[in-house]
Amino acid sequence: MIYELDAEKLNERESAHAYLKEVFGFPDYYGNNLDALYDCLSEMTIEEIKINNVNKGEFYFFAIMEVLEDLDITITT
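Predicted model only: the values in this text are computed from it and were never measured.

Caption draft 1: Geometry of the nonpolar core. The biggest cluster of nonpolar side chains holds 25 residues, and the ones touching the most others in it are Phe 24 and Ile 49. In terms of residue count, helix 3 (residues 60-70) provides more of this core than any other element does, six residues in total. Not counting the four nearest positions on each side in its chain, Ile 49 is found in contact with Tyr 3, Leu 5, Phe 24, Leu 68, Ile 73, Thr 74, Ile 75 and Thr 76.

Caption draft 2: Fine view of the pattern of salt bridges. For the structure shown, the criterion picks out one salt bridge. Linking Lys 21 and Asp 28 is a salt bridge whose minimum nitrogen-to-oxygen distance equals 3.9 Å. Among the residues examined, Lys 21 registers a relative accessible area of 25% and is labelled partly exposed. The exposed category is assigned to Asp 28, whose relative accessible area is 74%.

Caption draft 3: Expanded view of the side chain of Asp 6. Mapped onto the fold, Asp 6 is located in strand 1 (residues 2-6). Buried Asp 6, no salt bridge; nearest opposite-charge side chain is Lys 9, N-O distance 4.9 Å. Aside from chain neighbours lying at most four places away, what touches Asp 6 is Tyr 19, Asn 52 and Asn 53.

Caption draft 4: Inspection of the packing of aromatic side chains at higher detail. Counted by the stated rule, this structure contains four aromatic pairs. Centre to centre, the rings of Phe 24 and Phe 26 are 5.5 Å apart; their planes meet at 15°, and the pair counts as stacked. Both rings, one in Phe 26 and one in Tyr 30, keep their centres 4.6 Å apart while their planes meet at 35°; by these two values the pair is tilted. Tyr 30 matches Phe 26 in its accessibility class, with the two residues each being buried. Put simply, the rings of Tyr 3, Phe 24, Phe 26 and Tyr 30 touch in pairs and so form one group of aromatic residues.

Quick notes on the rules
Residues numbered from 1 in each chain as written. Predicted model: local features only at pLDDT ≥ 70, side-chain atom pairs only at ≥ 80, totals over all residues. Heavy atoms only, no water. Core = buried A, V, L, I, M, F, W, Y, C linked by side-chain atoms within 4.5 Å. Buried < 20%, exposed > 50% of the residue type's maximum accessible area, 1.4 Å probe, protein only. Helix = DSSP H or I, 4+ residues; strand = E, 2+ residues; numbered from the N terminus. Contact = heavy atoms within 4.5 Å. Salt bridge = Lys/Arg side-chain N within 4 Å of Asp/Glu carboxyl O. Lys, Arg positive; Asp, Glu negative; His and termini not counted. Phe/Tyr/Trp six-rings, centres within 6.5 Å; stacked < 30°, edge-to-face > 60°.

Taken by themselves, the reported measurements are silent on function.
Here it is in structure tokens:
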């Protein structure tokens, strides 16, 4: 499956995890942290993640990008 994210919505930790939970359909027990993000994404079949507004990504966005890179997910901008 292909997912689409808005980098501007990933700059603040709390709101970023709420947004990620919504986009990826994570379960209610999702831990709202980078380890939980890694765990949940590693259990999914993801063909690609398209990221919009990369130039507006700041702070926490870069930590999320590291998780995506660690999972070797195809990322397009």
